[in-house]
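# Structural description and commentary
Letter by letter, the chains look like this.
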Amino acid sequence: MATGELSEAQLKLATDLELEMMADMYNRMTNVCQKKCIPAKYKEPDLSKGEAVCIDRCVAKYLEIHDRIGKKLTTLSQQDEATMKKLQETQMAPPK
Amino acid sequence: MNDNTRNMRDFLLLYNQLTEQCFDRCVYNMSRNSVSNRENDCISMCADRYVAFNQKTMHVFVEYQNMKQQVALNAQSSPGTSGTVA
């Protein structure tokens, strides 16, 4: 990972990536919440109150879980990095 | 940098996929706005399992690819043998 300032190209790359991932997350969230909240019975075109509330909660929960998993993955990858570092150190140092 | 970007992108896609799958499997009660303890535990275990699953799948995939390559190489180096590689 580059330390210090990011070049303009790198910054643009990061921004584009973030945008793409946000869009992807949004699409997945939409799919899941439709599956959970909108039954496949189409009697009327408008959303019922229950469905509207369900969508509200579904989105809130999805975003919260998205954050929690993000933190978890960060911890896991940090642990992974620490383990890899330890492995490397033990490999480089001759056993006594 | 391109390689790094690709890795990052793959990781982020995995992250999104993980969120979608675990949400779908663990959350089925929309009676509250907040995430319950049971759901939280389920999500935590789901995430661990998914990561382990992904690692194992990659491992097996690479193994299988190597095996296929080896078979193809063997078939090339011994042209007398006829046979199809399934």
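Residues numbered from 1 in each chain as written. Chains lettered and ligands numbered in written order. Predicted model: local features only at pLDDT ≥ 70, side-chain atom pairs only at ≥ 80, totals over all residues. Heavy atoms only, no water.

### A few points about the environment of Asp24 of chain B
Along the polypeptide, Asp24 of chain B turns up in helix H1 (residues 2–26). Overall, the relative accessible area of 24% leaves Asp24 of chain B in the partly exposed class. There is a polar contact of 2.7 Å between the side chain of Asp24 of chain B and the side chain of Lys35 of chain A. (Helix = DSSP H or I, 4+ residues; strand = E, 2+ residues; numbered from the N terminus. Buried < 20%, exposed > 50% of the residue type's maximum accessible area, 1.4 Å probe, protein only. Polar contact = N/O pair within 3.5 Å; in protein donor to acceptor, adjacent residues only side chain to side chain.)

### Focus on a nonpolar patch on the surface
A cluster of nonpolar side chains, namely Tyr64, Met67 and Val71 of chain B, defines an oily patch on the protein surface of about 290 Å² accessible area. You can see Val71 of chain B is positioned in helix H2 (residues 37–77). (Patch = residues over 30% accessible without salt bridge, like charges linked within 9 Å, V, L, I, M, F, W, Y side chains within 5 Å. Areas by Shrake-Rupley, 256 points an atom, 1.4 Å probe, with all protein chains shown as cover. Salt bridge = Lys/Arg side-chain N within 4 Å of Asp/Glu carboxyl O.)

### Looking at the UniProt feature "domain: Tim10-like" (unreviewed entry) in chain B
When the UniProt feature table is mapped onto this chain numbering, "domain: Tim10-like" (unreviewed entry) sits at residues 4–61 of chain B. In this annotation, residues 4–61 of chain B is assigned 83% helix and 0% strand; the end-to-end C-alpha distance for the span is 21 Å. (UniProt positions renumbered as here; feature names shortened; annotations may be inferred.)

### Brief notes about the state of the cysteines
Simply put, the disulfide is a covalent bond whose two ends are the sulfur atoms of two cysteines. Residues and elements named next belong to chain A. Tallying each qualifying case throughout the model produces four disulfides over all chains. Shown here is the disulfide that connects Cys33 with Cys58, its sulfur atoms set 1.9 Å apart. Every disulfide takes its handedness from the sign of the S-S torsion; for Cys33 and Cys58 that torsion is -90 degrees, giving left-handed. Pair noted here: Cys33 is in helix H1 (residues 8–37) and Cys58 is in helix H2 (residues 49–92), with a separation of 25 residues, a long-range link. Just as Cys33 is buried, Cys58 falls in that class too. For chain A, the disulfide bridges join cysteines in the arrangement 1-4, 2-3, where the cysteines are counted in sequence order. (Disulfide = S-S within 2.5 Å.)

### Some thoughts on the nonpolar core
Counting 27 residues, the largest nonpolar core has Ile65 and Ile69 of chain A together with Leu18 and Phe23 of chain B as the members making the most contacts within it. For this core, the secondary-structure elements that each account for two or more residues are H1 and H2 of chain A together with H1 and H2 of chain B. Not counting the four nearest positions on each side in its chain, Phe23 of chain B is found in contact with Val32, Lys36, Cys58, Lys61, Tyr62 and Ile65 of chain A together with Met30 and Ile43 of chain B. (Core = buried A, V, L, I, M, F, W, Y, C linked by side-chain atoms within 4.5 Å. Contact = heavy atoms within 4.5 Å.)

### Here's the deal with the side chain of Asp24 of chain A
Among the secondary structure elements, Asp24 of chain A is positioned in helix H1. Only 2.9 Å separates the side chain of Asp24 of chain A from the side chain of Asn16 of chain B, close enough to count as a polar contact. Not counting the four nearest positions on each side in its chain, Asp24 of chain A is found in contact with Leu13 and Asn16 of chain B.

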